[in-house]
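Understanding the architecture of this molecule
Spelled out, the chains give:
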Amino acid sequence: VQLQASGGGLVEPGGSLRLSCEVSGNIYNTYAIGWHRQAPEKQRELVATITSYGSSSYADSAKGRFTISRDNAKNTIYLHMNSLKPEDTAVYYCAFGRIGVRPNFWGQGTQVTVSS
């Protein structure tokens, strides 16, 4: 499985971005795809997850501001991020795996910087 993340950039506080993760290869029938992020000198954090069943979950830091969605026709997962804060600055990664276990395929990461 290959994942290609894109959509990061520089945005002012309060702004919005949409990250994309295109998935290709041998996609399982049942799977979970998550967006993770890692800020400098901090541990990697799971931000949001969506499963092949369509269920989604969010970290407390993302609830109410971020939305994860998918386009099955394009094999693409999106992370819509609104009301961005400086503390959202991080490298964002998408990751793929079976539901309920640690993901075993990772994309290359896309930088998100929230700054005025």
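Scroll up a little and you will see the structure.
Residues numbered from 1 in each chain as written. Predicted model: local features only at pLDDT ≥ 70, side-chain atom pairs only at ≥ 80, totals over all residues. Heavy atoms only, no water.

Further remarks concern the overall build of the protein. When you go through the protein residue by residue, the secondary structure sums to zero helices and eleven strands. In the protein, the succession of helices and strands from N to C terminus is β-β-β-β-β-β-β-β-β-β-β. Over its C-alpha atoms the protein spans a radius of gyration of 13 Å, differing by no more than 12% from the 13 Å that the globule rule assigns to 116 residues. For the C-alpha atoms alone, the extent of the protein along its principal axes is close to 40 × 25 × 25 Å. Buried residues in the protein amount to 42% of all 116 residues. Residue pairs in contact within the protein that sit at least 24 positions apart in sequence constitute 51% of those at least 6 positions apart. Taking the average place of the 11 positive charges on the side chains of the protein and the average place of its 8 negative ones, the gap between the two points comes to 7 Å. (Helix = DSSP H or I, 4+ residues; strand = E, 2+ residues; numbered from the N terminus. Rg over C-alpha atoms; globule rule 2.2 N^0.38 Å. Buried < 20%, exposed > 50% of the residue type's maximum accessible area, 1.4 Å probe, protein only. Contact = heavy atoms within 4.5 Å. Lys, Arg positive; Asp, Glu negative; His and termini not counted. Charge placed at Lys NZ, Arg CZ, Asp CG, Glu CD.)

In this section: unusual backbone geometry. The backbone of Asn75 sits at a positive phi, close to 50°, despite the residue not being glycine. By the element assignment, Asn75 lies in the loop between β7 (66–71) and β8 (76–81). Unusually for a residue other than glycine, Ser83 sits at a positive phi of about 50°. For Ser83, the position within the fold is in the loop between β8 and β9 (90–97). Judged by its relative accessible area of 40%, Ser83 is partly exposed.

Our focus in this paragraph is the environment of Gly7. Looking at where Gly7 falls in the secondary structure, it is placed in the loop between β1 (2–6) and β2 (9–11). C-alpha separation for the pair Gly7 and Arg18, spaced eleven residues apart in sequence, amounts to 6.0 Å. Apart from residues lying up to four places away in sequence, Gly7 is in contact with Leu17, Arg18, Leu19 and Thr110.

Looking now at the nonpolar core. For soluble globular proteins, the rule of thumb is that nonpolar side chains tend to be buried together. Residues Trp35, Phe66, Leu79, Met81, Tyr92 and Phe96 are the most contacted members of the largest nonpolar core, which totals 29 residues. At the level of secondary structure, the elements contributing two or more residues to this core comprise β1, β3 (17–24), β4 (32–38), β5 (45–51), β7, β8, β9 and β11 (110–114). (Core = buried A, V, L, I, M, F, W, Y, C linked by side-chain atoms within 4.5 Å.)

Looking at the secondary structure, you find Arg37 in strand β4. Exposure remark for Arg37: the relative accessible area of 7% places this residue in the buried category. A polar side-chain atom of Arg37 sits 2.9 Å from a polar atom in the side chain of Asp88. Here Arg37 is in contact with Gln43, Arg44, Glu45, Val47, Ser61, Phe66, Glu87, Asp88, Ala90, Val91 and Tyr92, once residues within four sequence places are set aside. (Polar contact = N/O pair within 3.5 Å; in protein donor to acceptor, adjacent residues only side chain to side chain.)

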